[in-house]
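An overview of the molecular structure
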Amino acid sequence: MSPSRVGEGPLNPQAQTPKQLQQQQQQPLSKVAAKALAGFSQGVQLAETDSDNEIERALVDARKAAPNRKTKIVCTIGPTSWTREAIFRLAEEGMDVVRLNMSHGDHKSHQAVVDLVREFNALGRKTLAIMLDTKGPEVRSGDLAEPLELAAGDKVTYTIKEGADGKDGRISVNYDGFVEDCKVGDHLLIDGGILSCLVLEKTATDVVTRVVDGGTMKSRRHLNIRGKSANLPAITEKDWLDIKFGVDVGVDYYALSFVRNAEVIYELKNWLATQGASIGVLAKIESAESVEHLEEILDAVDGAMVARGDLGAELPVEEVPYWQNLIGCRKRGKPCIVATNMLESMITNPTPTRAEVSDIAIAVREGADAIMLSGETAHGKFPFRSVEVMHTVAKRTELNMLKYSGVRRYGSDETPPIDWIIPPGRRVTSIGDSGLSEVFAYHSTAMANTIKTSLVVFSRKGNMPALLSHYRPDFPIFCFTESEEVQRRLALYHGVVALRTHFSDKAEDTFERAIQELKDRGLVRGGQLLAIVQSGRQPIWRSTSTHSIQVRAVPKDKHVDSEDEYAAR
């Protein structure tokens, strides 16, 4: 089988260069909607392998050598899932990252979840990361005396005066600048557009609207003005209290809500530096203003979340798929989460819709590092089955993707391909240059894909496994580290399985112990080849910074491991 086909994936040396691809692609149009529609019409272009036999052999190889799902799963914890039994079972079903939604619950309940996650991690089965999702500067309606049934044509007044509880068609709003932000003719969306109203007139304190899309109006509903972002502080007083709580309990990531520009990212990172806290900062892209400043935001953050619910409320819904493609952090080597409504029907139903299954598969094919469940696991009736469905669909999609090769294996024509973070044409000035590390990661991935096996990397800070993840090798990346913090952070990265170990004084002792642990866990089989990577500015077992890769065979047991026995595990 040609290594430029199934084995090599996006690193085919005969594939077109990014420059050639760019010349072939049509120049983008000026309007966002036109861009999105053009992207849809072009579709996905993938080169198939020459032989069905090659495809089948590749799938068999993948099932044997890649027992792990590479796309990670984020689960929101809530009343349905905050018990010890539920969290442990979610982890066993496939949860990789625990999401604490600070819009609900209090510090006491979230502390209990953190304690249970730490208890699970201590068992050594797998490692879960914790992501704290801030509430952000949300605009919400006030408490109602009782739910209101609104029909198209009804008039409803939203007021910044306190105490309006729905009687006489008046509803309070928690944001004093609401009236100023509204203009006659604006569309007000409730809960992302489940209900909608047209602004007819306004006074100093009131906004009078006519219901366009009716339904049941309940208390504390999320309000959006289509195409506008509320003029609120990016990090509210409540957010700062929650962020400080995150430092105290040691979360691994913050997901910052309603980020409008890069300034707030740098503000938070500078504050974390003063606290001596090493916590990743992810930006939730969910507003019209965040889309306008997308490039500067992605440069500043450690990763991103495509929050499609609020994004679809502030932008025309037909533009959301386009931005879902574009928000991916491929050219920066940073993780990206696709979130909202992925299995929404499973909040109440035991099986997903076929469209939801396709939605998961599309996110996986586009190269998302992680896909997220919200209400499905927080308050849904079928949290465990939701994770099982997401796991099964993601894993099957990954296996099917091995049928294709080339730089377009992930994404579509409007999506930036997996490419260099630091272009190789730039002159490398030293052995510790980050550009050289990336070149090494690129070719290590190509080598592992060619011999169809996993990569094993030893890392203190997690930089090399993150680079390897960027190039999306066909098989898992097993990272051994001494740092529990690094181990947890890597739980979000595509394809990375992080394990803790002690680095012995001699590299050989550590290599042998690591390979044996992988075998004991059933992650590799006797006789299988492994590509062992050593790289870093602060070398392990080396006096100077060097980059090296070696191929080793996993020792066979005395009775000799058979492929059939391994496949049956």
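Our structure's up above, just so we're on the same page.
Below or above, wherever it landed, is the structure these notes cover. Every value quoted in this text rests on a predicted model; they were computed, and no experiment measured them. (Residues numbered from 1 in each chain as written. Predicted model: local features only at pLDDT ≥ 70, side-chain atom pairs only at ≥ 80, totals over all residues. Heavy atoms only, no water.)

1. A closer look at the nonpolar core
For soluble globular proteins, nonpolar side chains are generally found buried alongside one another. Counting 74 residues, the largest nonpolar core has M95, I265, L268 and I371 as its most contacted members. In this view, M95 contacts I73, C75, I77, I87, L90, K126, L128 and V387; residues no more than four positions away in its chain are not counted. Within the second largest apolar cluster, 34 residues are counted, among which are A370, A448, L490 and Y493. (Core = buried A, V, L, I, M, F, W, Y, C linked by side-chain atoms within 4.5 Å. Buried < 20%, exposed > 50% of the residue type's maximum accessible area, 1.4 Å probe, protein only. Contact = heavy atoms within 4.5 Å.)

2. As for helix α18 (residues 463-470)
Structural remark: α-helix, 3.6 residues per turn; residues separated by three or four positions point the same way. In terms of residue burial, α18 counts as a mostly covered element, since seven of its eight residues are buried. Turning to α18, its buried residues number three or more, namely M464, P465, A466, L467, L468, S469 and H470. Remark: R472 follows α18 within two positions and exhibits a positive phi of approximately 50°. (Helix = DSSP H or I, 4+ residues; strand = E, 2+ residues; numbered from the N terminus.)

3. Thoughts on the packing of helix α6 (residues 107-122) against helix α8 (residues 237-249)
Between α6 and α8, the shortest axis-to-axis distance is 11 Å and the interhelical angle comes to 30°. When the axis of α6 is compared with that of α8, the two are roughly parallel. Handedness of the crossing formed by α6 with α8: right-handed. For the pair α6 and α8, the contacting residues are H107, H110, Q111, V114 and R118 in the first and L241, D242, F245 and V249 in the second. (Axes fitted to C-alpha atoms, helices over the stretch in contact; angles between N-to-C directions. Parallel < 35°, antiparallel > 145°, perpendicular 65-115°, else oblique. Left-handed = near helix turned anticlockwise from the far one by under 90°.)

4. A closer look at the packing of helix α5 (residues 84-93) against helix α16 (residues 383-401)
At a minimum axis separation of 9 Å, α5 and α16 run at an interaxial angle of 15°. On the basis of the axis angle, α5 is roughly parallel to α16. The two elements α5 and α16 cross, and the hand of that crossing is right-handed. Touching A86, R89, L90 and E93 of α5 are P383, F384, V387, E388 and H391, all from α16. Of the residues in the contact of α5 with α16, the class split is five nonpolar, one polar and three charged. (Nonpolar A, V, L, I, M, F, W, Y, C, P; charged D, E, K, R; others polar.)

5. Describing the sheet that holds strand β6 (residues 155-159)
Spatially, six strands are ordered β7-β6-β10-β9-β8-β12 in an open sheet, and the strand pairing comes out mixed. Both edges of this open sheet fall to β7 (170-172) and β12 (223-225), since each of them pairs with a single strand only. Taken over all neighbouring pairs, the strand axes of this sheet differ in orientation by 35° on average, direction set aside. Inspection of the sheet shows β6 paired to β7 by three bridges, in the parallel sense. Note on β7: the bridge partner recorded for T159 is S172. (Pairing = 2+ DSSP bridges.)

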